[in-house]
Amino acid sequence: MPETIKIDHESQIPVYKQIVGQVEELVRSGEYPDGCLLPSMNELSAALDISKETVKKAYSILRNKGFIDARQGKGFYVSAAVIMVTKKYCWLMLLLAIILEITGTALMKFFAIKGGMEGYILMLLFIFCSYFALSKAIVKIPISTAYAIWEGIGLIGTATVAYFIFNEDLSLLKVLAFMVILSGLIMIKKGTYTVSNK
């Protein structure tokens, strides 16, 4: 595992900060999963040709941030707590992506009626931010699940906004269709947990 951490000795960023930043990113991306054993301080210092004190300082910061735990006589492991925080963060990003999508779509309708190019710029900003938040969500959430929820809830949310703000029709047939979509999303989410727990 030491080879996944690379140090730029020409960089103005201190070496210990480079290690901290890379380990944090490896944990967030899932490359270092929950319970993953990190290289020992001796292994990492030898692999990167740096002092053991530099590695010790980096690991100390990572422990204080909650990214890793030290187990007596066993070494350093990725903390389960930070993995849970990361997953919650991804779900929050998905929720934000949905809200931004609904808002951006509603703005598109509003400025299509009102007119004015400045409104379209605002709409594009919301849509861009929605995709950006979605890209953060799929770090831990399977893209098939995240996209289905984003699109499905976004569709229902947009129809609801259109009904209350723009007085668009919301027939019983549409409501039944939305219930079918929600049922499908619940099945997708349940299926995701089933696969991940195998």
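To start, this report covers the structure provided alongside it. (Residues numbered from 1 in each chain as written. Predicted model: local features only at pLDDT ≥ 70, side-chain atom pairs only at ≥ 80, totals over all residues. Heavy atoms only, no water.)

Considering the overall build of the chain
Broken down by element type, the chain carries 7 helices and 2 strands. When the helices and strands of the chain are placed in sequence order, the string is α-α-α-β-β-α-α-α-α. Against the compact-globule benchmark of 16 Å for 198 residues, the chain has a radius of gyration of 23 Å, which places it well outside the compact range. Dimensions along the principal axes, computed over C-alpha positions, put the chain at roughly 70 × 45 × 25 Å. Expressed as a percentage of its 198 residues, the buried residues of the chain come to 33%. Restricting the contact set of the chain to residue pairs at least 6 apart, pairs at least 24 apart contribute 64%. Within the structure as shown, the chain displays about 12300 Å² of accessible surface, and the carbon and sulfur contribution to it stands at 65%. Side chains of the chain carry 20 positive and 16 negative charges; the gap between the two charge centres is 8 Å. (Helix = DSSP H or I, 4+ residues; strand = E, 2+ residues; numbered from the N terminus. Rg over C-alpha atoms; globule rule 2.2 N^0.38 Å. Buried < 20%, exposed > 50% of the residue type's maximum accessible area, 1.4 Å probe, protein only. Contact = heavy atoms within 4.5 Å. Areas by Shrake-Rupley, 256 points an atom, 1.4 Å probe, with all protein chains shown as cover. Lys, Arg positive; Asp, Glu negative; His and termini not counted. Charge placed at Lys NZ, Arg CZ, Asp CG, Glu CD.)

Focus: helix 4 (residues 80-114)
Over its 35 residues, helix 4 runs 51 Å from end to end, which matches the ideal 51 Å to within 8%, given 1.5 Å per residue. Backbone geometry just downstream of helix 4 places Gly-115 in the positive-phi region, at approximately 90°. (Expected span 1.5 Å × (residues − 1).)

A look at the packing of aromatic side chains
This structure, assessed with the given rule, holds 5 aromatic pairs. Between Tyr-163 and Phe-164, the ring centres sit 5.0 Å apart and the planes meet at 80°, which makes this aromatic pair edge-to-face. The ring of Tyr-16 has Lys-57 lying over it, and the distance from NZ or CZ to the ring centre is 4.1 Å. Looking at Arg-71, its charged tip hangs above the ring of Tyr-77, at a distance of 3.9 Å from the centre. (Phe/Tyr/Trp six-rings, centres within 6.5 Å; stacked < 30°, edge-to-face > 60°. Lys NZ or Arg CZ within 6 Å of the ring centre and 35° of its normal.)

As for the nonpolar core
If you look at the biggest cluster of nonpolar residues, it comprises 25 residues, and the most contacted ones within it are Ile-19, Val-27, Tyr-32, Leu-38, Tyr-59 and Val-78. In this structure, Val-78 is in contact with Val-27, Tyr-32, Pro-33, Asp-34, Gly-35, Cys-36, Leu-38, Phe-67, Ile-68 and Ile-83, ignoring residues within four places of it in sequence. Core analysis: the second largest hydrophobic core is formed by 14 residues, Ile-102, Leu-134, Ala-137 and Ile-149 among them. (Core = buried A, V, L, I, M, F, W, Y, C linked by side-chain atoms within 4.5 Å.)

What to know about the pairing of strand 2 (residues 75-78)
One ladder, built from 4 bridges, connects strand 1 (residues 68-71) with strand 2; its direction is antiparallel. Considered in strand 2, the bridge of Arg-71 is made with Gly-75. The turn linking strand 1 back onto strand 2 is made up of 3 residues, and Gly-73 within it adopts a positive phi angle of 75°. (Pairing = 2+ DSSP bridges.)

Let's talk about the layout of surface pockets
Its volume calculated, the second largest pocket comes out at about 150 Å³. As for the second largest pocket, its lining consists of Leu-37, Leu-38, Pro-39, Ser-40, Met-41, Glu-43, Ala-70, Arg-71, Gln-72, Lys-74, Gly-75 and Phe-76. For the lining of the second largest pocket, the elements supplying multiple residues, two or more each, are helix 2 (41-48), strand 1 and strand 2. Residues that form the lining of the second largest pocket fall into these classes: 6 nonpolar, 3 polar and 3 charged. (1 Å grid on protein atoms, 1.4 Å probe; cavity = no way out; pocket = protein on both sides within 12 Å on 5 of 7 lines; lining within 4 Å. Points joined across faces, edges and corners; volume = space filled by probe spheres on them. Nonpolar A, V, L, I, M, F, W, Y, C, P; charged D, E, K, R; others polar.)

Nothing here speaks to function; it is all geometry.
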